[in-house]
Each structure stands twice: as structure tokens, then as C-alpha cells.
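Fold and geometry: a report
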Amino acid sequence: MVRISLSIIVALVVGVAAASVSTGSTPIHESPPMKALTPLEEGIVREHNLARQDPKGYAAHVQAFRELFDGQFIRIPGQATVLTREGVEAVDEAIAFLMTIEPAPALSTSQGMSDAAADHVLDQGPAGKTGHGGSDGSRPAERVARHGSWDIIVAENLSYGPDMARHVVMGLIIDDGVPDRGHRTTIFNGALNVIGVSCGPHVTFGTMCTMDYAGEFTEQASSDDATPQGARSEK
């Protein structure tokens, strides 16, 4: 038996930065070509947008997942039995939420934000670490700013363990064991319009996925002589 949180295997409080202030104007340059996401990463973006654009329809997927519950246990054939913190009550609460929340716009995918997410996966995966803090002391807003310029708001969700896109996103929506349902709130935040995703191996949990979000994001200029962008700070 494995005792873990359904929401993201190890439940982590979402990191959301306050609005930032840009200094001056940012020159427009051609963005570098978008690298291909892996099928898992593409699936996570797709599941986000399915849930955001049609929450009532997505509730049916969560309802189907509910059938795998036996009290506080999740019994998936061929996988380890999972002991959740709240049991089926958290699933029912998530379904009720999905039936009442208003749809949100689809998220667009960003190369720079996916690169920032990859930085965190590469930092934590081999060391078996968890959490929003990088080994260099960085926070999500700082990592995103290394690859471009974000505005309005920046946030991050983390998933440890699940290796199927639907399980990653459903887990964050159910948010088992997280009192304020912060991961769910991030997914349905209408102020967020851009997402970057990266998944990779994690020595403790097998798979780790980092999802970075922003209200607006300008990719880092591809030309070598581009004017540096104004610095932004997380407050």
C-alpha cells in the first residue's frame, strides 16, 4: 500500500506571484521555433484546455475516475493501491465545482515557459527533491523570467508520480489534502493565458511534471544583439 496524495502524489501549495511592473518597452523580435512537446506534455496542455473550456463535460471524466475509489483507497488494476487523505469526498467536491464554474479561455503554449519548467525538472528529478524552490534558491517567477518576459501573474503547479496526462490534471483539480484547493484554482484562473510544461524522470516518484503559467509572456528574443529586457521581480 502506498499513502500518497491524489492531487499530485506529494501535495504542494501553488506558487503565485503578484503582478510585476515592466520598465520601459520591450522590442519585438522573431521568436525561436517551438520545440516539440512530448506526448505526455501535449496531453497535459490538452487536458487543461478541455477542463477550462468545458468544465461540466470534464466532470464526467472525474465521475468515471470516482468509480476506482474504495473508501479512501484508489484501486487501479495493475497499479499500486493508493491511500488518499480525503477519499471520495474530495472527488465529489471537485465534481460539484466543475458543474458550477464558468468556462475559461484555452491556454496557449510557450517555448520559453516550457524551458523554464524543464529547468526545474532537471534540477529536482535527479536529486529526488520536491517543492517550488530551486536548488539555487530560485522561485517560479525567476525561472520563467530567464526565458522571456512575463506580465500580470505567474504561477506553477507540480506533479510527482502520475505518468498519464489525464491523471496529472484530474489530480490537480481534485486537489486531495490541499485545504484551499490552490492547484485547482490555478488551473481555472481566467487571468492565466499561457502555459509551459515539462516532464521528466524523478528518482523518488518515477515521473515529475512542472507546469508554469502566466497572464502574458513574451518569448526571449532570438537575435544575439537584442536589447535586454527589463528585469522583473516576484513580490
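Residues numbered from 1 in each chain as written. Predicted model: local features only at pLDDT ≥ 70, side-chain atom pairs only at ≥ 80, totals over all residues. Heavy atoms only, no water.

Considerations on unusual backbone geometry
A positive phi is found at Ile152, a non-glycine position, where the angle reads about 75°. With respect to the helices, strands and loops of the structure, Ile152 is situated in strand 7 (residues 148–160). Within the chain, Arg181 stands out as a residue other than glycine whose phi angle is a positive 50°. With respect to the secondary-structure elements, Arg181 resides in the loop between helix 6 (165–174) and helix 7 (182–187). (Helix = DSSP H or I, 4+ residues; strand = E, 2+ residues; numbered from the N terminus.)

Considering the state of the cysteines
For the coordinates displayed, the defined rule picks out one disulfide. Bridging Cys199 to Cys209, the disulfide has an S-S length of 2.1 Å. Handedness here is read from the sign of the S-S torsion; for Cys199 and Cys209, about 115°, the answer is right-handed. Of this pair, Cys199 sits in strand 8 (residues 194–202) while Cys209 sits in strand 9 (residues 206–219); the two residues are 10 residues apart in sequence, bridging distant segments of the chain. For the pair Cys199 and Cys209, a shared accessibility class is recorded, and that class is buried. (Disulfide = S-S within 2.5 Å. Buried < 20%, exposed > 50% of the residue type's maximum accessible area, 1.4 Å probe, protein only.)

What to know about the environment of Asp212
Secondary-structure assignment places Asp212 in strand 9. Here Asp212 falls in the buried class, since its relative accessible area comes to 0%. With 18 residues separating them along the chain, Asp212 and Val194 place their C-alpha atoms 8.3 Å apart. Once residues within four sequence positions are removed from consideration, Asp212 is found in contact with Met113, Ala116, Ala117, Val144, Ala155, Glu156, Val194, Ile195 and Gly196. In terms of polar contacts, Asp212 uses its side chain to reach the backbone amide nitrogen of Ala117, at 3.4 Å. (Contact = heavy atoms within 4.5 Å. Polar contact = N/O pair within 3.5 Å; in protein donor to acceptor, adjacent residues only side chain to side chain.)

Here's the deal with helix 6
Helix 6 sits mainly inside the fold: eight of its 10 residues count as buried. The set of residues buried in helix 6 consists of Ala165, Val168, Val169, Met170, Gly171, Leu172, Ile173 and Ile174. Where the residues of helix 6 are buried, they touch helix 1 (39–53), helix 2 (55–66), helix 3 (88–98), strand 7, helix 7 and strand 9. Backbone geometry just downstream of helix 6 places Asp175 in the positive-phi region, at approximately 55°.

Looking at the confidence of the model for the protein chain
The pLDDT averaged across the protein chain works out to 83; a share of 80% of its residues lies at or above 70. Between residues 1–32, whose pLDDT stays under 50, and residues either more than four places distant or in other chains, the model counts 93 contacts. Below pLDDT 50 for its whole length, residues 225–235 participates in 27 contacts with residues either more than four positions away or in separate chains. (pLDDT = per-residue confidence, 0-100.)

So, the packing of aromatic side chains
Throughout the structure, instances matching the rule amount to three aromatic pairs. An angle of 80° between the planes, with centres 5.9 Å apart, marks the rings of Phe65 and Phe69 as edge-to-face. You can call Phe65 buried: its relative accessible area is 7%. Aromatic side chains Phe97 and Phe188 sit 5.4 Å apart centroid to centroid with 70° between the ring planes, which places their arrangement in the edge-to-face category. Here Phe97 is found in helix 3, whereas its partner Phe188 is found in the loop between helix 7 and strand 8, with 91 residues between them in sequence. Exposure remark for Phe97: the relative accessible area of 21% places this residue in the partly exposed category. By relative accessible area, which is 8% here, Phe188 ends up buried. Here Arg75 stacks its cationic end above the ring of Phe73, 5.0 Å away from the centre of that ring. Its end group placed over the ring of Phe97, Arg184 keeps NZ or CZ at 4.8 Å from the ring centre. (Phe/Tyr/Trp six-rings, centres within 6.5 Å; stacked < 30°, edge-to-face > 60°. Lys NZ or Arg CZ within 6 Å of the ring centre and 35° of its normal.)

What to know about the pairing of strand 7
A large share of strand 7 lies buried, amounting to 11 of its 13 residues. Note that strand 7 and strand 9 share 11 bridges and pair antiparallel. Bridging from a neighbouring strand, Ala155 pairs with Tyr213 of strand 9. (Pairing = 2+ DSSP bridges.)

Examining the nonpolar core
Residues Ile44, Tyr58, Val62, Ile173, Met211 and Tyr213 are the most contacted members of the largest nonpolar core, which totals 37 residues. Looking at this core, the elements with two or more residues in it are helix 1, helix 2, helix 3, strand 7, helix 6, strand 8 and strand 9. No other element matches helix 6, which puts seven residues into this core. When residues no more than four places from it in sequence are discounted, the contact partners of Ile173 are Ala51, Tyr58, Ala94, Leu98, Arg184, Ile187 and Phe188. Within the second largest apolar cluster, nine residues are counted, among which are Ala141, Trp150, Val154 and Val194. (Core = buried A, V, L, I, M, F, W, Y, C linked by side-chain atoms within 4.5 Å.)

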